[in-house]
Amino acid sequence: LATAGTYASTPTKIQLFGPGIKKPGDVVQTVISSASTPTTITSTTSTATALTGTITPSSSINHVRVRADANAQAASEPTGTAFMSQIYRSTGSTAIGNTSLIGGGTGNSFSGSVNLFAYDAPATSSAQQYGVYIKNSSGTTSWVFLGTANSVGTQTGYMILDEIMD
């Protein structure tokens, strides 16, 4: 735009803010998914778990807030090994958000919480799948995501997807 207020084309829609109209920062929609299928990992390669969720943004400019909570356990953990997890978009092609790390034990059984959080700008109004991927830092210890190690019953993990109005 060469001059403020002078537009090259007219808007396709004009919407005033008021009751019932989403404002920037408002949650447009929420999708909650859960999984209780265990995933065992010894590999140092990121591996998909059963904890996934899919959301279809109503607008390509909106962001998606992703939260995932679960647990992981190792029956015996050598000193210096760690369990790592992260949220990925589009079946493992794009890692987003923080990495959760559990580890550093002394050879005893070990368990911990996996708490992941991310904001994503997928820039599309097509369905987007998010999932938790896990890996082992050493490739020697057997970790179980949502599992039954340490005499703990099968756990349930949750993923919450919020579309945020921009």
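Residues numbered from 1 in each chain as written. Predicted model: local features only at pLDDT ≥ 70, side-chain atom pairs only at ≥ 80, totals over all residues. Heavy atoms only, no water.

**With respect to the pairing of strand β10 (residues 157–164)**
Inclusion rule: Note on classification: 1.4 Å probe, protein chains only; a residue is buried when its accessible area is under 20% of the maximum for its type, exposed when over 50%, partly exposed between these limits. Here a helix means four or more residues in a row that DSSP labels H or I, a strand means two or more in a row labelled E, and each is numbered from the N terminus. The rule for pairing is simple: two strands pair if DSSP sees at least two bridges between them.
Most of β10 sits out of view: six of its eight residues are buried. Inspection of the sheet shows strand β1 (residues 27–35) paired to β10 by eight bridges, in the antiparallel sense. Considered in β10, the bridge of V27 is made with I164. Pairing between strand β4 (residues 63–74) and β10: seven bridges, direction antiparallel. Residue pairing across strands places A68 opposite M159, the latter belonging to β10.

**Some words on the pattern of salt bridges**
Heads up, the condition is: A pairing counts as a salt bridge when a side-chain nitrogen of Lys or Arg comes within 4 Å of a carboxyl oxygen of Asp or Glu.
Evaluated as defined, the whole model comprises three salt bridges. D120 serves as the salt-bridge partner of R89, at 2.5 Å between the closest nitrogen and oxygen. With R89 in strand β5 (residues 82–89) and D120 in strand β7 (residues 110–120), the pair connects residues that are 31 residues apart, well separated along the chain. Connected through shared salt-bridge partners, R65, R67 and D162 make up one network.

**Overview of the packing of aromatic side chains**
Counted only if it meets this: Centres within 6.5 Å are what make two rings of Phe, Tyr or Trp a pair, Trp counting through its six-membered ring; a difference in plane orientation under 30 degrees is then read as stacked, over 60 as edge-to-face, and the rest as tilted.
Counted under the stated rule, the structure contains four aromatic pairs. Relative to W143, the ring of F83 has its centre 5.4 Å away and its plane inclined at 40 degrees; by these criteria the two rings are tilted. A residue pair is termed long-range when its members are at least 10 positions apart, and F83 in strand β5 and W143 in strand β9 (residues 143–145) qualify at 60 residues. The two residues F83 and W143 agree in class, both being buried. Both rings, one in Y88 and one in Y133, keep their centres 4.7 Å apart while their planes meet at 45 degrees; by these two values the pair is tilted. Note that Y88 is positioned in strand β5 and Y133 in strand β8 (residues 128–136), a separation of 45 residues in sequence. By the burial criterion, Y88 is buried, and Y133 matches it. Chaining the aromatic ring pairs together yields one cluster made of F83, W143 and F145.

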